[in-house]
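# Observations on the three-dimensional arrangement
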Amino acid sequence: MGHDLVIVANRLPVDRVTDRNGKNRWRRSPGGLVSAIEPVMRAHDGVWVGWPGGTQKFKPFKVDGLDLVPLAMSAEEIEEHYEGFSNGTLWPLYHDVVAKPEFHREWWDTYVQVNRRFAERTAELANDGATVWVHDYQLQLVPQMLRELRPDLRIGFYLHIPFPPAELFQQLPWRRQILEGLLGADLVGFQLPGAAQNFIRLVRQRVGHKTHRDLVYLPDGRTVRAAAFPISIDAAGFEELARSESVAERAEAIREALGDPRKIFLGIDRLDYTKGIYARLRAFGELIRDGALTVDDAVFVQVAVPSRERVEHYRNLRDDIERLVGRLNGDLGRIGRPAISYLHTSYPREEMAALYRAADVMVVTPYRDGMNLVAKEYVACRVDDDGALVLSEFAGAADELRQAWLVNPYDMNGMKAALLEAYNAEPKELTRRMKAMRRQIAQHDVKAWADSFMTELEDESHSHTKTVRPATLS
Ligand code: F6P
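Residues numbered from 1 in each chain as written. Predicted model: local features only at pLDDT ≥ 70, side-chain atom pairs only at ≥ 80, totals over all residues. Heavy atoms only, no water.

The chain is annotated in an unreviewed UniProt entry as Trehalose-6-phosphate synthase of Nocardioides humi. What UniProt records for the chain under Sequence similarities (unreviewed entry) is the sentence "Belongs to the glycosyltransferase 20 family." (UniProt positions renumbered as here; feature names shortened; annotations may be inferred.)

Right, here's the structure in full:
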């Protein structure tokens, strides 16, 4: 039996957990993406294809009524497709080359192989004329592979991370194949308009297709549209959680456990070199060293969520940050008063909401970030219209959260000044800024994001009658 909608993503929206009795079971991942897509999946008899993590093979299964189809990867595929090409080549390349991307031909071959398996499985699952929504940088070849197998399908692709300017993208030895892979879709969605423009420009320059504004005209009569759909969060869900008594009490308990400082600074990030964790902790440390803050006034809580721990850049980053935290606490802290409260762990949504409620200044300083949902979650949890957000200009969220203290994370003095301003801001000023940001987040939540992408994908007329010359090789 087939499906009218297939969601294809590198990961399944579930985690394998071991319960108290030592039994393994699946638990829904906490992210907003699955809750946004779930209603669409139910309405269209949908199925989700993805990697369940690890090398173990599982049969298709259901969690909370959602149909899930796991695609296993071998140890070699994990190393070369996931850790290698996806996170050692594409991830740094697409994030402004913050770290040096590695180009290995074996990684590319395995990326092609895994993308093909996703495409073939999807082709088996989709009903005649079904809609397929492919997600993210790990699966950029799937749209074209799928179109070749099943020309009847309507295919959408959404990139959750930035799409780089031509000057960087063209380093990629397989640049043309990636662009052609994406052109298998009818609609290619990005976080920001600039990313969609980068894509259109590259398609014109590197593949040689005719383009006009956000459209690409293919010689076979198909039209591909590239547009921005800024992703968001379940704003109402976070707000409700933040208003709950248990979260409010937990926020109080956190403040008390930290020694009731005048103000709490907070950073919550995956432990990733794009996030600018090192620079922000250094800026905070310098403010204490300069005497602008003291450890009685302020503490910095940094939650670093373990991520991609087998990739070398990530292991080095962890060492660097932990050395810095040790040094700052050793140099600046007193007994019971560390400068930085560092936690290398992940927390459930409730604890995150309590941290957001407890924090007076939220610090989000990536060097490059597709969107950054932590910034939006903080805003959604500030139910009293207070608290300050210090936000990097280079996070996609900066386009919407204009009332944050916007910073350039490469500018140490600028970042120090913004942290201090946010720390000293008058309550009236905080309320003015937070109210405006909360309005934005409430109106543009993850449901609105999913609806607008799906509406566009379903409604678009995806063909043209223009005579266009065949693509020229770059
Ligand atoms: O931001 C891109 C992304 O792939 C997210 O979809 C995901 O939550 C995060 O990075 C972590 O990714 P991974 O699957 O590598 O743990």
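Moving on: the overall build of the chain. A tally of helices and strands in the chain yields 16 helices and 18 strands. Taking 23 Å as the expected radius of gyration for a compact globule of 474 residues, we find that the chain reaches 23 Å, a close match to that expectation. Taking the principal axes of its C-alpha atoms as reference, the chain extends roughly 70 × 50 × 40 Å. Each of the 474 residues in the chain was classed as buried or not, and the buried ones make up 58%. For the chain, long-range pairs separated by at least 24 residues make up 74% of all intrachain contacts whose partners lie at least 6 apart in sequence. For the chain, the computed accessible surface area is about 20000 Å², with 47% contributed by carbon and sulfur atoms. (Helix = DSSP H or I, 4+ residues; strand = E, 2+ residues; numbered from the N terminus. Rg over C-alpha atoms; globule rule 2.2 N^0.38 Å. Buried < 20%, exposed > 50% of the residue type's maximum accessible area, 1.4 Å probe, protein only. Contact = heavy atoms within 4.5 Å. Areas by Shrake-Rupley, 256 points an atom, 1.4 Å probe, with all protein chains shown as cover.)

Let us now look at the pairing of strand S3 (residues 24–28). Bridge analysis of strand S2 (residues 14–18) against S3 gives five bridges, and the strand direction is antiparallel. Among the inter-strand pairings, Asp15 is bridged to a residue of S3, identified as Arg27. In this antiparallel pair of consecutive strands, S2 and S3, the connection spans five residues, and Gly22 shows a positive phi of 80°. (Pairing = 2+ DSSP bridges.)

All right, on to unusual backbone geometry then. Positive phi, close to 55°, is recorded for Asp45, a residue that is not glycine. Summarising the element assignment, Asp45 is placed in the loop between helix H1 (32–43) and strand S4 (46–51). The class for Asp45 is partly exposed, based on a relative accessible area of 32%. Positive phi is not limited to glycine here, since Asp64 has a value of about 50°. By the element assignment, Asp64 lies in the loop between strand S5 (61–63) and strand S6 (66–70). What makes Asp64 exposed here is its relative accessible area of 52%.

Among the eight residues that make up strand S13 (residues 263–270), seven are buried, leaving the element largely enclosed by the rest of the structure. Pairing of S13 with strand S14 (residues 298–305), which is carried by eight bridges, proceeds in the parallel orientation. Opposite Gly267, over in S14, you have Gln302 as the bridge partner. Handedness of the crossover joining S13 and S14 through helix H10 (residues 277–290) is recorded here as right-handed. Bridging between S13 and strand S16 (residues 361–364) involves two bridges; their strand directions are parallel. Bridge pairing in S16 links Leu266 to Met362. (Right-handed = clockwise from strand over helix to strand, strands pointing away.)

Here we come to the site of the ligand. Neighbouring residues of the ligand: Arg11, Tyr82, Trp91, Asp136, Tyr137, Gln138, Ile161, Arg270 and Arg308. Side-chain polar atom of Arg11 to an oxygen atom of the ligand: 2.6 Å apart, as the coordinates give it. Residue Tyr82 places a side-chain N or O atom 2.5 Å away from an oxygen atom belonging to the ligand. The fraction of the free accessible surface of the ligand (390 Å²) that becomes covered by protein chains is 64%. When its residues are assigned to classes, the shell around the ligand shows four nonpolar, one polar and four charged. (Near = heavy atom within 4 Å. Polar contact = N/O pair within 3.5 Å; in protein donor to acceptor, adjacent residues only side chain to side chain. Nonpolar A, V, L, I, M, F, W, Y, C, P; charged D, E, K, R; others polar.)

Glancing now at the nonpolar core. Of all hydrophobic cores here, the largest spans 99 residues; its most connected members are Phe163, Phe199 and Phe265. In terms of residue count, the dominant contributor to this core is helix H3 (residues 105–125) (eight residues). Contact partners of Phe199, with chain neighbours within four places excluded, come to Phe163, Leu179, Leu182, Leu183, Val188, Phe190 and Ala226. Met41, Val301, Leu355 and Ala395 belong to the second largest nonpolar core, which has 71 residues in total. (Core = buried A, V, L, I, M, F, W, Y, C linked by side-chain atoms within 4.5 Å.)

For the rest of this paragraph, the subject is the pattern of salt bridges. Tallied over the full model, the rule gives 40 salt bridges. In this structure, Asp272 and Arg270 form a salt bridge, with 3.2 Å as the shortest nitrogen-oxygen distance. The exposure class assigned to Arg270 is partly exposed, which follows from its relative accessible area of 25%. Across the pair Glu286 and Lys416 runs a salt bridge whose closest N-O atoms are separated by 2.9 Å. With a gap of 130 residues between them, Glu286 in helix H10 and Lys416 in helix H14 (residues 412–424) connect regions that are remote in the sequence. Owing to a relative accessible area of 11%, Lys416 belongs among the buried residues under this scheme. One network of salt bridges, in which partners are shared, links Arg28, Glu38, Arg42 and Asp64. (Salt bridge = Lys/Arg side-chain N within 4 Å of Asp/Glu carboxyl O.)

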